[in-house]
Each structure stands twice: as C-alpha cells, then as structure tokens.
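What follows is each chain in one-letter form.
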Amino acid sequence: MAGVSKCLKYSMFVFNFLFWVCGCIILGFSIWIRVSSAQQGVDSSLLGGANLLIAVGAIIMILGFLGCCGAVKESRCMLMLFFIALLLILILQVTAGVLGAVYKPQVEASFNLTLSEGVSALQSTTGEYTEYQEEFQKLEKMYQCCGLRDGPKDWGQNFDKQKDICRCEVEKPSSSDLCTTYRGSLVYKKSCGEVIMQQIKDNLVIVMGIAFGLAVVEILGLVFSMTLYCQIGRK
C-alpha cells in the first residue's frame, strides 16, 4: 500500500457507492417523469430530457460499480475506464444543454403541433378516437381542466352530445375561480394544455437541477479517480 493514501482510496469507494445510489434515484425518477408524461398524452419528442436522464442514470449505476471495484482492487485500468466514461457523460450533458437551448423554438413548435392534433381528435365524431376522448375526460377531471387550447370549444360538436364533458365538479362552482359558464353549463376555466405545459416546465426545472448537481459530483469523481490513478502508478 506504500504510496497509496488509504483515506483517498476509501473516500473513492464511498464516493462511488453514493454515485451508484444517485444513479438509481435518477433512473427511477426519470422513468416516473417519462411514464406520467406519456399518460398525459405528451408527444415523445418533447421528452428528450427525461429520455436522456434514463440513459444517464443507467450508465451512472454501472460507473459507480466500476469505480468501487477500481478503488478497492487498486486497478488502474478500471479507474481509467471510469475517468474516461465520466468525462464523456459530462461532455454529453453540456452538449444536451446547448442543443436544448438552440432547438427550443422547434420544441415549442412540436408541442403546438401536438396540441393541434389533440384538438382534432377531441372534435372527431367518427368514433375513431373514442378511447382517446374517454381517457382525456378522465384527465380533465383529474386536473380540473378543459380542452387543450380553447377550453370547451376544443370539443366541437361533441360538447353538446355528452353533458359531462368539462363539467366543473367542485363544492361551490358558482363562487369558484376554477369554473366558467359555457352554453349554459359550468365548465373548468383552465385548459389542459396549460396544465401539461406547466408540468413540463416543473419537470424541466427538476431535470436541470439534477443535471447541475450531477455535473458537480462528476467533476469530483474525475478528480478523485485521476488522483488515485496517479498514486497507484507511483506505488
């Protein structure tokens, strides 16, 4: 063990164990975001950040295990693989952030296109989108919203055919800010498109926070692994 700091060695082990735990948390949380957004009918092209975190979380779990083994066995090969892979992930995160900023207008256009397609499905009277319409009504009740962009107007002729569409279900609908009157019926005022967009923004803030914290941890991992790598080489 001459030349290798025990403190650094076991610090590297503990760090990578925590790194592995972080990977599990990120993987689980990003899968939850992906699944919940898909259930709300959000287009898969808008979930690039969540998909990226799923991949990053899985890779971090593997890297955490690799780093633990490299530290305990004092394997320069494992430590160098850990260093290179961690550096690549850090570069990937920075690249994803830059691409996200550059392609923001395209993402917004894709979201608006998804809303337009959703409105067309709500207005359909052919029966082709019956299942979609039924699921959307459940979403409206769950989030107390109506339609995707223009409230009850998005339902077209279907609004008159089904009296429970967008019905405002609160204790005192007449005094609630959630409700408004449309064609003699009390309906939810807020559109579901607003709700979905707000959830995307909230999730994006969480994703950005995780990515920033992860970048700090990755830089520490790079420093730890390279320092231990050099100490083992001088042993």
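Residues numbered from 1 in each chain as written. Predicted model: local features only at pLDDT ≥ 70, side-chain atom pairs only at ≥ 80, totals over all residues. Heavy atoms only, no water.

A. The arrangement of the nonpolar core in detail. Core analysis: the largest hydrophobic core is formed by 24 residues, its most contacted members being F19 and L228. Elements with a contribution of two residues or more to this core: helix 1 (6-39), helix 2 (48-73), helix 3 (76-102) and helix 7 (192-233). The element that contributes the greatest number of residues to this core is helix 7, accounting for 7 residues. F111, C192, V195 and I196 belong to the second largest nonpolar core, which has 21 residues in total. (Core = buried A, V, L, I, M, F, W, Y, C linked by side-chain atoms within 4.5 Å. Buried < 20%, exposed > 50% of the residue type's maximum accessible area, 1.4 Å probe, protein only. Helix = DSSP H or I, 4+ residues; strand = E, 2+ residues; numbered from the N terminus.)

B. Layout of empty space enclosed by the protein. All told, the structure shown has 1 cavity of 30 Å³ or more when counted by the stated rule. Taken together, Q137, E140, K141, D164, I165, C166, R167 and Y188 make up the full set of residues lining the largest cavity. It is helix 5 (residues 130-143) that contributes the most residues to the lining of the largest cavity, 3 residues altogether. Here the residues of the lining of the largest cavity are counted per class, giving 3 nonpolar, 1 polar and 4 charged. (1 Å grid on protein atoms, 1.4 Å probe; cavity = no way out; pocket = protein on both sides within 12 Å on 5 of 7 lines; lining within 4 Å. Points joined across faces, edges and corners; volume = space filled by probe spheres on them. Nonpolar A, V, L, I, M, F, W, Y, C, P; charged D, E, K, R; others polar.)

C. Highlighting the packing of helix 4 (residues 104-123) against helix 5. Packing of helix 4 against helix 5 brings their axes to within 9 Å, and their N-to-C directions diverge by 105°. With respect to each other, helix 4 and helix 5 are oriented roughly perpendicular. Mapping the contact onto sequence places G118, A121 and L122 in helix 4 and Y132, Q133 and F136 in helix 5. Its residues assigned to classes, the contact of helix 4 with helix 5 comprises 4 nonpolar, 2 polar and no charged. (Axes fitted to C-alpha atoms, helices over the stretch in contact; angles between N-to-C directions. Parallel < 35°, antiparallel > 145°, perpendicular 65-115°, else oblique. Contact = heavy atoms within 4.5 Å.)

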